[in-house]
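A structural walkthrough
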Amino acid sequence: MSAEPPPGPDPGPEELLAPGPPGPGPTPSQSRFQVDLVAEAAGGTGAGGAEDRSPGSGEGEQGSGPGPGSGSSPATTGGAGEEAKGRFRVVNFADPGGSSAASPEPGPDGLQNGDTVMSESSVHSSTGGQHHYHYDTHTNTYYLRTFGHNTIDAVPKIDYYRNTAAPLGEKLVRPTLSELHDELDKEPFEDGFANGDELTPAEEAAAKEAAEPKGVVKFGWIKGVLVRCMLNIWGVMLFIRMTWIVGQAGIALACMIVLMATVVTTITGLSTSAIATNGFVRGGGAYYLISRSLGPEFGGSIGLIFAFANAVAVAMYVVGFAETVVELLKESEAIMTDEINDIRIIGTITIILLLGISVAGMEWEAKAQIFLLIVLITAIINYFIGSFIPVESKRARGFFGYDGSIMWENMGPDFREETFFSVFSIFFPAATGILAGANISGDLADPQMAIPKGTLLAILITGIVYLGVAVSTGSCIVRDASGSMNDTLSSQFMANCTEAACKLGYDFVSCRSEKEGCKYGLHNDFQVMSVVSGFGPIISAGIFSATLSSALASLVSAPKVFQALCKDNIYPGLGMFAKGYGKNNEPLRGYFLTFGIGLAFILIAQLNVIAPIISNFFLASYALINFSVFHASLANSPGWRPSFKYYNMWVSLAGAILCCVVMFVINWAAALLTNVIVLALYIYVAHKKPDVNWGSSTQALTYHQALTHTLQLSGVEDHIKTFRPQCLVMTGYPNTRPALLDLVHTFTKNVALMICGHVRMGYRRPNFKDLATDQTRFQRWLLKNEAKAFYIPVFAEDLRQGTQYLLQAAGLGRLRPNTLVMGFKNDWRDEDMMNVETYISMIHDAFDFQFGTVILRLKEGLDVSHIQGQDDLLSSQEKSSGTKDVIVSIDTSKDSDGDSSKLSSKATSLQNSPAVQKDDDDDGKAPTQPLLKKDKSPMVPLNVSDQRLLEASQQFQKKQGKGTVDVWWLFDDGGLTLLIPYLLTNKKRWKDCKIRVFIGGKINRIDHDRRAMATLLSKFRIDFSDITVLGDINTKPKKEHVAAFEEMIEPYRLKEDSMELDAAERLKNSEPWRITDNELELYRTKTSRQIRLNELLKEHSSTANLIVMSLPLARKGAVSSALYMAWLEVLSKELPPILLVRGNHQSVLTFYS
């Protein structure tokens, strides 16, 4: 019994645990849970049975009964499925001395009921379902003894690092930063999963797989990898083609062929080992390794080809088996029809039997493989023994035993209708079995250990055997033999014969000169190894074993790889093949598909035709595996940490290049076709953009290159020729001002940086977590809508402060904005004039930061956020599978704090209510309504103004017809006013529009001014259709327009002449936007010019698609906000879309090369 812990001091925030809804666990008196502190002195006895446990051994206890002793003992616990999850609700705590505390009697683990903590499932009470209470002795006792007090902070543990669907154990969720750090009255459990761990469809499938681990067959490195690889590599070529290769190429070149193939496979084996040891490997073999390394584009294309190659390999091995059977039938004169059709018949029967073994399950298949390996090894030993026992009757067939003269004669090549590379292409499939173990990675107990060890050892053993067979057969068998005992040589003719056979008493020259040629020897008899062997039938059994085992391995590999590919849903139409059956999740549908493909190729019935087809597909896979390692090493990602260290990125690259070279050497046409297929599948997958994120090396390298180039760019000084209008666009939420987004995107797309700035204000207590979520969500929205822009939201006290933050901090290095783009404030006269003051101050701030400024005005307005259902019309609803919530929430409540409520629906055309979210007094969350809502009820018809607004907001999404872009370049701002229209008309939507240029001038110099401007534009290489010189720009405007302007500004005048000086000063200080009489008189000429320009604009540009005009400047501190706003209003009213542009007066155009 452990002593009762003494009451300790009040626990801190991190030591507080959660109350929860009533469940079957605790007694009714337990309305709260409390963690008592245990004095360190009592720790030795107080921990009870937990004392000797390691940190990871006792965390699995679970209490389901009402009593304190209901937790199971350490000896009977520890199952991964029962591990308590490390998440807790932070709330008020019970009084340590209160009567509601649990019974003080400790349980067997030395824990009171007060130490009970809630499971994750009970925490998320909103999701419903059964609630369980865990006795988390690991979290409590162990932490308490380690740190001297209880805490919900977690110590490092493997279960926190598992994938959401982890086959080897249950994923635990560590306490989030919010749960440890937030204030106590916050609600820390808003999300269903921590760290955004929503399950993808593939993970859900894996989770189901992992849920029933009982009875699953898992293999070790010998049975799972070594045996499979050896059987696959030895295959059909060892017995029925190796001797022919030696006859064609000679011993030296045959050894070179073997070594070349071994070099390729060894490099690939090292690369495979590196990838396989860089994290947990699931089923799918080569496809899984490549896709998780290089991404779905390469993985998807090679996965399909690799699965197909394995299916065709089944046909190759079965044809090799059938060929041997037909040879035996021929010897017995039992041919059924003719040789080709017999191969087809026997092949078909064989593949049906193999399908039966495969469908029976992996355990049967593994048992069959062991048996076949024993037969195969026996056959190899039998051959080598036989080669040392010369038999007189075998001499006529070309076997004389080991002889130096035969070896020397067979050392060089003797190609007959073949070349070195055609022979290499027939041998190479013999080396392609190295991925047989990796292909069933999902059925291995420890793929990280098994794949490197088994694969590399198999390559070594099989390589030695191939070389041994090449040297051995070349040293004891002649190339041609007749099979006739009568071809012995008498001593009188021996002087004329120089061949090795002549020296041994045989003359086979006669059979070579006959039409049919010799039937025996290395060149002619594929079954010559059975002639050499000690007991011929064992070689036949070895051939059967080699071919059938390889066929069986391929028949299992192809469906497993294909199933993994289909599970990832990269090719949507193939989903039906992802389904598995039985305890081992066998891909039965895939087996039947492989059977169909194999059967089709069996009907070709010619081994030398089938072999090169497969070689190319396997080599493409090997090339990409090698390239994966090079790519991952080059990307220098911190996540690339293979535990297998014996690889080198440059060796892997050499291996990839070697594979490609060998592909073209074997058969250039087939290699070309293979590359075209891979490229076509790559383009298809890249176009489809599957919704997966595997942290591939492609992502890592993209980041690496972006970082490197950004740093390089920072070391280069800006130059006029490389100037780009990098825009900070004050859009608010990107989907609330589509016209502003579309127009700016048109001239920045693939040309310059575009940042969508969003100032969120009115918060007493900003929720930065929401800000980060919004940032991710709207960045995804921009990508989905193919807008090449970044979204940056900031919290600020007001719009001006937020804009200052963005002007100062947005961007990185040279990728920083240099132009501020805003929407025009259409509703400024209905607003609190302090908002106008803020708006005009933003323009002044931009100029202070040396930014160019662009203001877009549409007479209908820009903000469409108040229109319900506009998501359908603007296609702005995000339909991502991972995002089930509404994209934007708009606050409709009034904030009790007062001031910030004035920033609601009529705040500005820049930052209306969707862009301004406010806290509510009750719980920090304002009641919201969705901006983009899918409502099945009939949509309320839009009023006329909203309909016009919606149509206007989409006008820049359409192709602009044959129209004009009118450039009113009145003031030289460095050329930005001219550059933006040029960039616009270069784009597809605007290419039919002509640029017309309007400039100010004197009546008596119109022709001169026009010629001067034409010369300048031609030097700038900017096409224009017309230049208009406005000689009447200084003519007085019409009286009614002047009167209308004065009427507009009347409410905003200070009228200091009609009041006392002190009162006027007080009013001006409290309302700095007011227009003084002195100011109005001082700038009367400038005012008249704005009114006159509007008249000229209506006269000349009323039909333009877009007007780009110099933005009038107002001296800071001299011109009041109301007067400047009135100038902008009167200048741009009742016109087509107008861009008011003012550069920062640094040249952005040059005519020098």
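Residues numbered from 1 in each chain as written. Predicted model: local features only at pLDDT ≥ 70, side-chain atom pairs only at ≥ 80, totals over all residues. Heavy atoms only, no water.

Take the overall build of the protein next. For the protein, the helix and strand inventory stands at 37 helices and 14 strands. In the protein, buried positions account for 53% of the 1153 residues. Taking contacts inside the protein between residues at least 6 apart in sequence as the whole, the part at least 24 apart equals 81%. Summing over all exposed atoms, the protein offers an accessible surface of approximately 50500 Å²; the carbon and sulfur share of this is 57%. (Helix = DSSP H or I, 4+ residues; strand = E, 2+ residues; numbered from the N terminus. Buried < 20%, exposed > 50% of the residue type's maximum accessible area, 1.4 Å probe, protein only. Contact = heavy atoms within 4.5 Å. Areas by Shrake-Rupley, 256 points an atom, 1.4 Å probe, with all protein chains shown as cover.)

On the secondary structure map, arginine 724 appears in the loop between helix H24 (697–714) and strand S3 (727–730). Sequence separation between arginine 724 and proline 817 is 93 residues, and the spatial gap between their C-alpha atoms is 9.4 Å.

Their axes nearest at 8 Å, the elements helix H25 (residues 738–748) and helix H31 (residues 976–985) cross at an angle of 85°. Taken together, the axis directions place H25 and H31 in an arrangement best described as roughly perpendicular. Along its contact with H25, which presents Leu743, Thr746 and Phe747, the element H31 presents Ile980, Leu983 and Leu984. A breakdown of the residues in the contact of H25 with H31 according to their chemical character gives five nonpolar, one polar and no charged. (Axes fitted to C-alpha atoms, helices over the stretch in contact; angles between N-to-C directions. Parallel < 35°, antiparallel > 145°, perpendicular 65-115°, else oblique. Nonpolar A, V, L, I, M, F, W, Y, C, P; charged D, E, K, R; others polar.)

Our focus in this paragraph is the pairing of strand S12 (residues 1026–1030). Judged by how many residues are buried, S12 sits mostly within the fold: four of five residues are covered. By the bridge criterion, five bridges tie strand S11 (residues 994–1000) to S12 in an arrangement that is parallel. Its bridge partner being in S12, arginine 996 is matched across the sheet by aspartate 1026. (Pairing = 2+ DSSP bridges.)

Here the focus is unusual backbone geometry. Unlike most non-glycine residues, asparagine 636 shows phi in positive territory, near 60°. With respect to the helices, strands and loops of the structure, asparagine 636 is situated in the loop between helix H21 (607–635) and helix H22 (649–666). Owing to a relative accessible area of 59%, asparagine 636 belongs among the exposed residues under this scheme. The backbone phi angle of glutamate 786 is positive, close to 55°, even though this residue is not glycine.

Turning to the sheet that holds strand S13 (residues 1106–1110), a few remarks are in order. As a general point, the strands of a sheet are linked pairwise by backbone hydrogen bonds and lie either parallel or antiparallel. Across the sheet, ten strands lie side by side as S5-S4-S3-S6-S7-S14-S13-S10-S11-S12; this open sheet has mixed pairing. Each of the sheet's edge strands pairs with one partner strand only, and the pair in question is strand S5 (790–795) and S12. With strand direction ignored, the average angle separating the axes of adjacent strands in the sheet is 20°. The strands touched by helix H37 (residues 1121–1132) are strand S7 (852–857), S13 and strand S14 (1138–1142); relative to S7, the strand with the most contacts, the crossing angle is about 55°.

Here the focus is the pairing of S14. Among the five residues of S14, five are classified as buried, and the element is accordingly described as predominantly covered. Relative to S14, S7 is paired through five bridges, and the arrangement is antiparallel. In the strand pairing of S14, threonine 853 is matched with arginine 1142. For the segment spanning S13, H37 and S14, crossover handedness is right-handed. (Right-handed = clockwise from strand over helix to strand, strands pointing away.)

For the rest of this paragraph, the subject is the pattern of salt bridges. Any two side chains of opposite charge can pair, given that their charged atoms come close. One pass over the full model with this rule turns up 24 salt bridges. Among the ionic pairs, glutamate 1129 bridges to arginine 829, the shortest N-O distance being 3.7 Å. With a gap of 300 residues between them, glutamate 1129 in helix H37 and arginine 829 in the loop between strand S6 (819–823) and helix H28 (833–848) connect regions that are remote in the sequence. By sharing partners, the salt bridges in this structure join Asp414, Arg416 and Asp480 into a single network. (Salt bridge = Lys/Arg side-chain N within 4 Å of Asp/Glu carboxyl O.)

The next thing to look at is the packing of aromatic side chains. Counting across every chain of the model gives 27 aromatic pairs. Taking the centre distance of 5.6 Å and the plane angle of 45° together, the rings of phenylalanine 424 and phenylalanine 428 count as tilted. Here phenylalanine 424 falls in the buried class, since its relative accessible area comes to 0%. With a relative accessible area of 0%, phenylalanine 428 lands in the buried category. With centroids separated by 6.1 Å and ring planes inclined at 40°, the aromatic side chains of phenylalanine 1020 and phenylalanine 1151 adopt a geometry described as tilted. With phenylalanine 1020 in the loop between helix H32 (1006–1019) and S12 and phenylalanine 1151 in the segment after S14, this residue pair connects regions lying 131 residues apart in the sequence. Relative accessible area serves as the criterion here: at 12%, phenylalanine 1020 is assigned to the buried category. (Phe/Tyr/Trp six-rings, centres within 6.5 Å; stacked < 30°, edge-to-face > 60°.)

Structurally, threonine 277 is set in the loop between helix H8 (242–276) and helix H9 (285–294). Overall, the relative accessible area of 4% leaves threonine 277 in the buried class. A polar contact is formed between the side chain of threonine 277 and the backbone oxygen of alanine 274, at a distance of 3.1 Å. Those residues in contact with threonine 277, other than ones at most four positions away along the chain, are Gln448, Pro452, Arg641, Pro642, Ser643 and Phe644. (Polar contact = N/O pair within 3.5 Å; in protein donor to acceptor, adjacent residues only side chain to side chain.)

Helical periodicity: at 3.6 residues per turn, an α-helix aligns residues three or four positions apart in one direction. With 36 residues, helix H10 (residues 296–331) should cover 52 Å at 1.5 Å per step; its first-to-last C-alpha distance of 52 Å lies within 8% of that length. Counting buried residues along H10, 27 of its 36 residues qualify, which places the element largely inside the surrounding structure. Where H10 ends, the next residue or the one after it, glutamate 333, has phi of about 55°, a positive value. (Expected span 1.5 Å × (residues − 1).)

Among the nonpolar cores identified, the biggest contains 139 residues, and Trp234, Phe239, Phe427 and Tyr466 are the most heavily contacted of them. Tallying contributions element by element places H10 first for this core, with 17 residues. Not counting the four nearest positions on each side in its chain, tryptophan 234 is found in contact with Leu373, Leu376, Ile377, Ile380, Ile461, Thr462, Val465 and Tyr466. Ala810, Ile843, Tyr1052 and Ala1122 belong to the second largest nonpolar core, which has 61 residues in total. (Core = buried A, V, L, I, M, F, W, Y, C linked by side-chain atoms within 4.5 Å.)

A separate point is a nonpolar patch on the surface. A cluster of nonpolar side chains, Ile377, Ile381, Ile385, Phe388, Ile389, Val391 and Tyr402, forms an exposed patch at the surface whose accessible area comes to about 620 Å². The topology assignment puts isoleucine 385 in helix H12 (residues 362–387). (Patch = residues over 30% accessible without salt bridge, like charges linked within 9 Å, V, L, I, M, F, W, Y side chains within 5 Å.)

Turning next to the environment of alanine 541. Of note, alanine 541 is situated in helix H19 (residues 536–567). Between the C-alpha atom of alanine 541 and that of threonine 324, which follows or precedes it by 217 residues, the distance is 9.9 Å.

In low-pLDDT segments, the atomic positions of the prediction should not be examined closely. With 74% of its residues at a pLDDT of at least 70, the protein reaches an overall mean of 74. Long-range and interchain partners of residues 1–141, a stretch whose pLDDT sits below 50, account for 256 contacts in this model, where long-range means more than four residues apart. Confidence drops under a pLDDT of 50 for residues 186–198, and excluding neighbours within four residues, the segment shows 27 contacts in the predicted structure. (pLDDT = per-residue confidence, 0-100.)

Turning to the packing of H21 against H22, a few remarks are in order. For the pair H21 and H22, interaxial distance at closest approach is 8 Å and the crossing angle is 160°. Comparing the axis directions of H21 and H22 gives the class roughly antiparallel. Along this stretch, H21 crosses H22, giving a crossing that reads as left-handed. Class assignment of the residues belonging to the contact of H21 with H22 gives a composition of 18 nonpolar, six polar and no charged. (Left-handed = near helix turned anticlockwise from the far one by under 90°.)

Okay, the environment of lysine 1019 next. For lysine 1019, the location among the structural elements is in helix H32. In this structure the C-alpha to C-alpha distance between lysine 1019 and phenylalanine 1151, which are 132 residues apart in sequence, comes to 5.4 Å.

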